[in-house]
Amino acid sequence: MDDSNQLPVLQAEGRVLSTLESDGRRRWLYPKLSTGRFWSRRRVVAYSLIAVYTLLPFIKIGGRPAIQLDIWNGRFSLLGLQFRPTDLELLAVFGLMVGLTIFFLTAILGRVWCGWACPQTVYLEFVFRPIERLFMGTAGKGGKPKQQVAGWRTAAMYLAFFLICLHLANTFLSYFVGVAAMNEWIWSQPPWRHPGAFLLVMLVTGLMLFDFCYWREQLCIIGCPYGRFQSVLLDRSSLVVGYDKNRGEPRGHGRDRAEKGLGSCVDCGMCVDVCPTGIDIRDGLQLECVNCTQCIDACDSVMDRIKQPRGLIRYSSQLALEGKPTRIVRPRVLIYSGVIVLLAGVFVALLVGRKGFDVTLLRGMGRPFVVTASGDVENIVRVKLVNRVDEERTYRIEAVAPASLRLDGGAELRIASGETVTEPVHLLAPPEAFVHRGGTFEATLRFTDSGGETIERSYNLFGPATSVTKPLEAVQ
């Protein structure tokens, strides 16, 4: 084949991705460990979050789990409050509040979530990598093992990873089915008695093993969209981990730095060696940076050794690093905070006004109305009642308006806790009530439960628009 017509292949000046070698191979990262002040604080936060995640399913508030997402029964418990699919407005407002709060915190504190609270960072940096360093012989210092590790060590490490992922998967499922059900399934029943839950746990365990054993930092760099949202969520006053070029450049080794015209950076590369995503923070703000602060701890330790002030790499803003003033109060911060406060007020108002039951009125199947043998006009309304309290309740139905409206048959329903019942209700009214109103009028029904709560609902009834001289079996 003649190669003269082929276009030349251009070589990249550097790595396209921090985890990709120039020849396309995966660059495996074995970051060194810098145990400075920020690492110590992050470790306290990480282990606290792990404890919260593990213990929350066991904690009950007001007799309910602190957090349980019972999708099968349509019940969601959150800090003693119970929500159902009928609480669409509450759930929507709550979701908007969470989303805007993330925007607000990112605008002020940058990627504080990624570096301090994201489960990927917490478990990878404070559970899986410490175990890996223990078995690989690099405990306490990190970095790539200097010699081949025995096969039994690798097998033991992956067994430990499997057991941890299995525990996390079971804990994850307990958020949906409850601790009692999980204990029964694990200790009292074989897997084939609950195959769906068993397969879900195995699937989640497998996904976690894939993530923490293989994908690792690739999730932050490639899989997670949050880093790519930085250009929208951050501004030049947002808090970031940054390198002070004005102080650090030009880089160089040796003493008598002032005489040689060198900056504070000794070009030791420690900030790169400790980075869990493999970037060089000196290249500026990058989407791969998760603000884990390992480069700050590493650089501070070097500055201490060469008798230079700390803070060459530090928490700052892009404006501050350029020597410009940073504004905390700015339009996006004010807008986010104002909308969050407004949504919080709406959420509280909806929560306070929420009843212990819910009522929906649905039109009956088939014909809109019939004229009975006694001459009354009958409308059938399907009443959908949802009992949202933790006890059985009795519900009484009354016709409030107009005065001529009455109910035919039973007007009480008993509904167990959490159940939804749909029952037909027969409403009777004289033909004159419709004739005088053009064939329709608005009726009002009152629903009262045995706990004393009351809800009124309006509903349009249909009837004859002209006088009826004899009973009709049905009117289309």
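Residues numbered from 1 in each chain as written. Predicted model: local features only at pLDDT ≥ 70, side-chain atom pairs only at ≥ 80, totals over all residues. Heavy atoms only, no water.

## Considering the domain arrangement of the chain
On domain assignment, one finds that the chain holds domain 1 (13-149 + 216-354) and domain 2 (357-462). Taken together, the contact between domain 1 and domain 2 spans six residues of the former and six residues of the latter. Both sides together, the interface formed by domain 1 and domain 2 hides about 580 Å², and carbon and sulfur atoms give 31% of it. Broken down residue by residue, the surface that domain 1 buries against domain 2 is led by Arg64, Arg84 and Thr86, which jointly contribute 66%. Remark: the boundary between domain 1 and domain 2 carries zero salt bridges. Our enumeration of links across domain 1 and domain 2 arrives at zero residue pairs in polar contact (both at pLDDT 80 or more). When the residues that make up the side of domain 1 that touches domain 2 are grouped by side-chain class, the tally is no nonpolar, two polar and four charged. (Domains from an automatic or database assignment. Contact = heavy atoms within 4.5 Å. Buried area = accessible area lost by both parts, 1.4 Å probe. Salt bridge = Lys/Arg side-chain N within 4 Å of Asp/Glu carboxyl O. Polar contact = N/O pair within 3.5 Å; in protein donor to acceptor, adjacent residues only side chain to side chain. Nonpolar A, V, L, I, M, F, W, Y, C, P; charged D, E, K, R; others polar.)

## Looking at the pattern of salt bridges
Across all of its chains, the model carries 22 salt bridges by this definition. Here Asp244 makes a salt bridge to Arg314, at a shortest N to O gap of 3.2 Å. Of this pair, Asp244 sits in the loop between β6 (240-243) and α10 (245-248) while Arg314 sits in strand β7 (residues 313-316), placing them 70 residues apart in sequence. Exposure remark for Arg314: the relative accessible area of 25% places this residue in the partly exposed category. For Glu249, the salt bridge goes to Arg251, with nearest N and O atoms at 2.9 Å. (Helix = DSSP H or I, 4+ residues; strand = E, 2+ residues; numbered from the N terminus. Buried < 20%, exposed > 50% of the residue type's maximum accessible area, 1.4 Å probe, protein only.)

## Quick word on the pairing of strand β16 (residues 454-462)
Bridge analysis of strand β15 (residues 440-449) against β16 gives nine bridges, and the strand direction is antiparallel. Pairing of Glu442 across the sheet is with Asn460, part of β16. From the end of β15 to the start of β16, which pair antiparallel, there are four residues, and Gly452 there has a positive phi angle of about 95°. (Pairing = 2+ DSSP bridges.)

## Here we look at helix α5 (residues 151-177)
Helix length check: α5 (27 residues) gives 39 Å between terminal C-alpha atoms against 39 Å at 1.5 Å per residue, within 8%. Considering only its buried residues, α5 is in contact with α1 (37-55), β3 (67-70), α4 (119-136), α6 (179-187) and α7 (195-215). Looking one or two residues past α5, Gly178 carries a phi angle of roughly 95°, positive in sign. (Expected span 1.5 Å × (residues − 1).)

## Remarks on a nonpolar patch on the surface
Taken together, Leu55, Phe58, Ile59, Ile61 and Leu79 make up a surface patch of nonpolar side chains, about 480 Å² in accessible area. For Leu79, the location among the structural elements is in the loop between β4 (75-78) and β5 (81-83). (Patch = residues over 30% accessible without salt bridge, like charges linked within 9 Å, V, L, I, M, F, W, Y side chains within 5 Å. Areas by Shrake-Rupley, 256 points an atom, 1.4 Å probe, with all protein chains shown as cover.)

## As for helix α13 (residues 294-305)
An ideal rise of 1.5 Å per residue puts 16 Å on 12 residues; α13 measures up with 17 Å between its terminal C-alpha atoms. Counting buried residues along α13, nine of its 12 residues qualify, which places the element largely inside the surrounding structure. Looking at the buried positions of α13, the neighbouring elements they touch are α1, β6, α10, α12 (270-273) and β7. Of the residues flanking the end of α13, it is Lys307, one or two places downstream, whose phi is positive at about 60°.

## Some thoughts on unusual backbone geometry
The residue after Glu249, namely Pro250, is reached through a cis peptide bond having omega -10°. Position of Pro250 among the secondary structure elements: in the loop between α10 and α11 (257-260). The amide bond that connects Ala401 to the next residue, Pro402, takes the cis arrangement and shows omega of -5°. Tracing the backbone through its elements, the reader meets Pro402 in the loop between β11 (393-401) and β12 (406-408).

## Observations regarding the nonpolar core
The nonpolar side chains of soluble globular proteins are, as a tendency, buried together. Membership of the largest hydrophobic core comes to 32 residues, with the highest contact counts inside it found for Tyr123 and Phe128. Once residues lying within four places of it in the same chain are set aside, the contact partners of Tyr123 are Ile50, Tyr53, Phe128, Leu168 and Phe212. Counting residues in each nonpolar core, the second largest holds 27 residues, with Phe357, Val425, Leu427 and Ile455 among its members. (Core = buried A, V, L, I, M, F, W, Y, C linked by side-chain atoms within 4.5 Å.)

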